[in-house]
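Here's the letter readout for the chains.
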Amino acid sequence: MGERETVSLCKAYEDLFLIGAAVNRYTLHSEKQLIQKHFNSLTAENEMKFEQIQPREGQFNFDYADELIHVSEQFGHKLRGHTLVWHNQTSDWVFEAPDGKELNRELLLERMRRHISTLLTRYQGKFFSWDVVNEAISDQKGEFLRPSPWLEVIGEDFIDHAFHYAHEADPDALLFYNDYNESDPEKRDKIYQLVQSMLKRDVPIHGVGLQAHWNLYEPSLDHIKQAIEKYASLDLQLQITEMDVSMFRFDDHRTDLLKPTEEMLEKQAERYEQMFKLFVEYKQHISSVTFWGVSDAYTWLSDFPVRGRKNWPLLFDTNHQVKPAYWRVLDQISSVKG
Ligand code: HAH
């Protein structure tokens, strides 16, 4: 039997949802062929985060975002913006009092508004969706919002304000609340409650982003399904925004593995198969599935949570070749198309 020929993932899925990848200033070039063939949506992994795009007050660094737009226009990718308001990777100056003044709610809201409106006005019509607020819900039991300077200085309505500012600047952009551990039942209910209350207050929010940083063992398929159903019941779009399937449980700190075993690759393929089966089942609600990287040659998980430990969470291996998981994801769509 001859070798099976690889086909474009995003073409296979084009009637269902977009297939995206997070890229950075290096992988945009080193992974060019895979990016062109298999993906029809791109996200900047780091370069559009607050600390990189506005490192000093009023000094914006648009170079990389502009390059991303250039590449996307050449090859026809859609673009997701990541991310406007977050407690991490945000420049210190944002939360510092200027000389002779105090940092108060009005000033921080003004800094937020200026950041959001500068980006969304500049990139109007270029980025079809934005992660407006990232990870505002707490992981702690019994705590609703995550403690952060945004919350402390502005108050709970910092989230509403971010969405209003974004909508004012680009009324056509789809605006998302994005979070991880989104399939954990307790956190899921908090995210649901937040978004539901925003809808009641007429806050312009159009979708929930499920980061989907998953692994070989967790979350369970049941929990993923329940999360998708619960968010879908809000009648908003869902996007899978940062998918990867780590070879390790989150608290497994082993560092002895030089390459993944056959069993791990098979288990990963099974997990991807089950997850994409769900995405296909809920295709009416899901408008895009973005991987947090292109191939195992570079992934943020090779540094997190264990610094320097290699991980292999994606569909393409360290040599940019397809992995067993690629075929299983592809086969989910052939089963729908018949
Ligand atoms: C995400 N946090 C961020 O949204 C993204 O910007 C970054 O590049 C990588 C991951 C996820 C996260 C996690 O999975 C566990 C603990 C903290 C944060």
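Relevant structure appears above.
Description of the structure in this document. (Residues numbered from 1 in each chain as written. Predicted model: local features only at pLDDT ≥ 70, side-chain atom pairs only at ≥ 80, totals over all residues. Heavy atoms only, no water.)

What follows deals with the overall build of the protein chain. Of regular secondary structure, the protein chain possesses twelve helices and nine strands. Since a compact globule built from 338 residues should have a radius of gyration of about 20 Å, the 20 Å found for the protein chain is in line with a globular shape. Summarising its shape, the C-alpha atoms of the protein chain cover approximately 75 × 40 × 40 Å along the three principal directions. Relative to its full complement of 338 residues, the protein chain shows a buried share of 55%. Of the contacts made within the protein chain by residues no fewer than 6 positions apart, 76% connect residues no fewer than 24 positions apart. Total accessible area on the protein chain stands at roughly 15200 Å², and carbon and sulfur atoms take up 46% of it. One way to put it: in the protein chain the 38 positive side-chain charges average out to a point 2 Å from where the 55 negative ones average out. (Helix = DSSP H or I, 4+ residues; strand = E, 2+ residues; numbered from the N terminus. Rg over C-alpha atoms; globule rule 2.2 N^0.38 Å. Buried < 20%, exposed > 50% of the residue type's maximum accessible area, 1.4 Å probe, protein only. Contact = heavy atoms within 4.5 Å. Areas by Shrake-Rupley, 256 points an atom, 1.4 Å probe, with all protein chains shown as cover. Lys, Arg positive; Asp, Glu negative; His and termini not counted. Charge placed at Lys NZ, Arg CZ, Asp CG, Glu CD.)

On to helix H8 (residues 158-169). In this model, H8 (twelve residues) spans 17 Å end to end at C-alpha, consistent with the 16 Å of a helix rising 1.5 Å per residue. Taken as a whole, H8 has its buried residues at Phe 158, Ile 159, Asp 160, Ala 162, Phe 163, Tyr 165, Ala 166 and Ala 169. Considering only its buried residues, H8 is in contact with strand E3 (78-85), helix H6 (105-122), strand E4 (129-134), helix H7 (149-154), strand E5 (174-179) and helix H9 (185-200). (Expected span 1.5 Å × (residues − 1).)

The subject of this paragraph is the packing of H6 against H8. Here H6 crosses H8 at 35 degrees, and the two axes come no closer than 9 Å. The interaxial crossing formed by H6 with H8 has right-handed handedness. Together, Arg 105, Leu 109, Met 112, Arg 113, Ile 116, Ser 117, Leu 120 and Thr 121 of H6 and Phe 158, His 161, Ala 162, Tyr 165, Ala 166 and Ala 169 of H8 make up the contact between the two elements. Its residues assigned to classes, the contact of H6 with H8 comprises nine nonpolar, three polar and two charged. (Axes fitted to C-alpha atoms, helices over the stretch in contact; angles between N-to-C directions. Left-handed = near helix turned anticlockwise from the far one by under 90°. Nonpolar A, V, L, I, M, F, W, Y, C, P; charged D, E, K, R; others polar.)

Attention now moves to empty space enclosed by the protein. Remark: the empty space left among the atoms is shown by a probe the size of a water molecule rolled over them. Applying the stated criterion to the full structure yields two cavities of 30 Å³ or more. Of the pockets and cavities examined, the largest cavity occupies roughly 70 Å³. Lining the largest cavity we find Val 85, Trp 86, His 87, Val 133, Asn 134, Glu 135, Ala 136, Arg 146, Ser 148, Trp 150 and Phe 158. The space that makes up the second largest cavity amounts to roughly 40 Å³. (1 Å grid on protein atoms, 1.4 Å probe; cavity = no way out; pocket = protein on both sides within 12 Å on 5 of 7 lines; lining within 4 Å. Points joined across faces, edges and corners; volume = space filled by probe spheres on them.)

Mapped onto the elements, Glu 135 comes out in the loop between E4 and H7. Lacking a salt bridge, the buried Glu 135 has Arg 146 as its closest oppositely charged neighbour, with an N-O distance of 4.8 Å. At 2.7 Å, the side chain of Glu 135 forms a polar contact with the side chain of Trp 86. A polar side-chain atom of Glu 135 sits 2.9 Å from a polar atom in the side chain of Gln 211. Excluding residues within four positions of it along the chain, Glu 135 makes contact with Trp 86, His 87, Arg 146, Tyr 177, Asn 178, Asp 179, Tyr 180 and Gln 211. (Salt bridge = Lys/Arg side-chain N within 4 Å of Asp/Glu carboxyl O. Polar contact = N/O pair within 3.5 Å; in protein donor to acceptor, adjacent residues only side chain to side chain.)

Roughly 160 Å³ of internal volume is contained in the second largest pocket. Lining the second largest pocket we find Glu 3, Arg 4, Thr 6, Leu 34, Lys 37, His 38, Phe 316, His 320, Gln 321, Val 322 and Trp 327. Among the elements that take part in the lining of the second largest pocket, helix H3 (residues 32-38) stands out by supplying three residues, more than any other. Each residue belonging to the lining of the second largest pocket can be placed in one class, and the counts come to four nonpolar, four polar and three charged.

Along the polypeptide, Gln 226 turns up in helix H10 (residues 221-232). Along the backbone, Gln 226 and Ser 183 are 43 residues apart, and their C-alpha atoms lie at a distance of 7.6 Å. For Gln 226, the side chain forms a polar contact with the side chain of Arg 188, separated by 3.4 Å.

Another point: the packing of H9 against H10. Two numbers describe a pair of packed helices, the interaxial angle and the distance between the axes. Taken N-terminus to C-terminus, the directions of H9 and H10 make an angle of 10 degrees; their axes are 10 Å apart at the nearest point. Here H10 runs roughly parallel to H9, going by the angle between their axes. Residue-level contacts link Pro 185, Arg 188, Asp 189, Ile 191 and Tyr 192 of H9 to His 223, Gln 226, Ala 227, Lys 230 and Tyr 231 of H10. By residue class, the composition of the contact of H9 with H10 is five nonpolar, two polar and three charged. (Parallel < 35°, antiparallel > 145°, perpendicular 65-115°, else oblique.)

Here we take up helix H5 (residues 63-75). The periodicity of an α-helix, 3.6 residues per turn, causes residues three or four places apart in sequence to face the same way. Taking 1.5 Å of rise per residue, the 13 residues of H5 would be expected to cover 18 Å, and the 19 Å separating its terminal C-alpha atoms lies within 8% of that figure. Taken together, the buried positions of H5 are Tyr 64, Ala 65, Leu 68, Ile 69, Val 71 and Ser 72. All buried residues of H5 fall inside an arc of 165 degrees around its axis, so they share one side. Pointing more than 90 degrees away from the buried face of H5 are the exposed residues Asp 63, His 70 and Glu 73. Immediately beyond the C-terminal end of H5, within one or two residues, lies Gly 76, with a positive phi of roughly 80 degrees. (Arc of directions from axis to C-beta.)

As a further point, take the environment of Arg 113. For Arg 113, the location among the structural elements is in helix H6. Expressed as a C-alpha distance, the spacing of Arg 113 and Asn 61, which sit 52 residues apart in the sequence, is 17 Å.

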